[in-house]
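# Structure at a glance
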Amino acid sequence: MHQESIMETERFIQTTEATTYRENIVASCLSRKWRMCLNLAPYQPHEDFRKSFDYVLFDPMGIKQSVKIEQQDSFKIFDEDKDSFVIELATYQAKGKQLGKLHYCSADLFCFVCTNIQKIYLFKFNELKQYIIALNELNTLTFYDSSMSSDEWKQKHDSSPVKLCYFDIKQTCIDLKDSLKVYTFQELGILSPLTKQFN
């Protein structure tokens, strides 16, 4: 294996480990906040990954309804009045174009973790998805497609090229206020830094 490939593999492993760490922290804090139990491995026995959501919060007494959550970490949000949420529409893999999170996610809640402003936004996913579809029909979404510069994307992001859509944070929170919960890191007791990548 070439040295460059080895370095890329090691960097991918470090990034994946950091993602798992962030999920563990946020999920544990939400479970404590809502007084529910946490399942970080909600997949079938013959699988070793989660296909359409990241983790489940459940009530062992059966009083509260279980909640499936998809978590996405956002490191480019610095101002909720000016910046945008982003969600994956497609990925470009060796076997071809694959539908992204907006299409395959089956979570009850979609969780944007915005480290730089230390806030977490939890949207009811079905409502968020329909909202994005409506924005697209109104031609008010912004798109980014990295398929034309796939090699550059892979070097920067340790992942397959993607197609993304962007939508305004402030307006989305106003329009979906009845389908949204917002917590600060302090409210959830998140004290450890949610690092993007381990060194």
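Just above sits the structure.
Residues numbered from 1 in each chain as written. Predicted model: local features only at pLDDT ≥ 70, side-chain atom pairs only at ≥ 80, totals over all residues. Heavy atoms only, no water.

## Section: the sheet that holds strand β9 (residues 162–168)
Put simply, the test is: What makes two strands pair is DSSP finding at least two bridges between them. Counting from the N terminus, the helices are DSSP H or I runs at least four residues long and the strands are E runs at least two residues long. Every axis corresponds to a line fitted to the C-alpha atoms, with the helix fit spanning only the stretch in contact, and the corresponding angles, defined between N-to-C directions, vary from 0 to 180 degrees. Any two residues having at least one pair of non-hydrogen atoms within 4.5 Å are treated as being in contact.
Spatial strand order, β5-β4-β9-β8: four strands in an open sheet with antiparallel pairing. Because the sheet does not close on itself, it has two edges, and the strands there are β5 (96–99) and β8 (142–145). Shown here is a sheet whose adjacent strand axes are inclined to one another by a mean of 25 degrees, direction ignored. In this structure, β8 lies alongside β9, joined through four bridges in antiparallel fashion. Within the sheet, the bridge partner assigned to Asp145 lies in β9 and is Lys163. With respect to the sheet, helix α3 (residues 125–137) is in contact with β4 (84–93), β8 and β9, its orientation differing from that of β9 by roughly 90 degrees.

## Brief notes about the pattern of salt bridges
Between side chains of opposite charge, a pair can form as their charged atoms come close. Put simply, the rule reads: Counted as salt bridges are all cases of a side-chain nitrogen of Lys or Arg within 4 Å of a carboxyl oxygen of Asp or Glu. We call a residue buried when its accessible area falls under 20% of the maximum for its residue type, exposed when it is over 50%, and partly exposed in between, using a 1.4 Å probe and counting protein chains only.
Under the criterion given, the structure shown has three salt bridges. Its salt-bridge partner being Asp73, residue Arg22 comes within 2.9 Å of it at the nearest N-O pair. Placement of the pair is Arg22 in helix α1 (residues 3–34) and Asp73 in strand β3 (residues 67–74), with a sequence separation of 51 residues. Using a relative accessible area of 4% as the deciding quantity, one classes Arg22 as buried. Residue Asp73 is classed as buried on the basis of its relative accessible area, which comes to 17%. The shortest N-O distance in the salt bridge between Lys119 and Glu80 comes to 2.7 Å. Here Glu80 lies in the loop between β3 and β4 and Lys119 lies in strand β7 (residues 119–124), a separation of 39 residues in the sequence. For Lys119, a relative accessible area of 21% corresponds to the partly exposed category.

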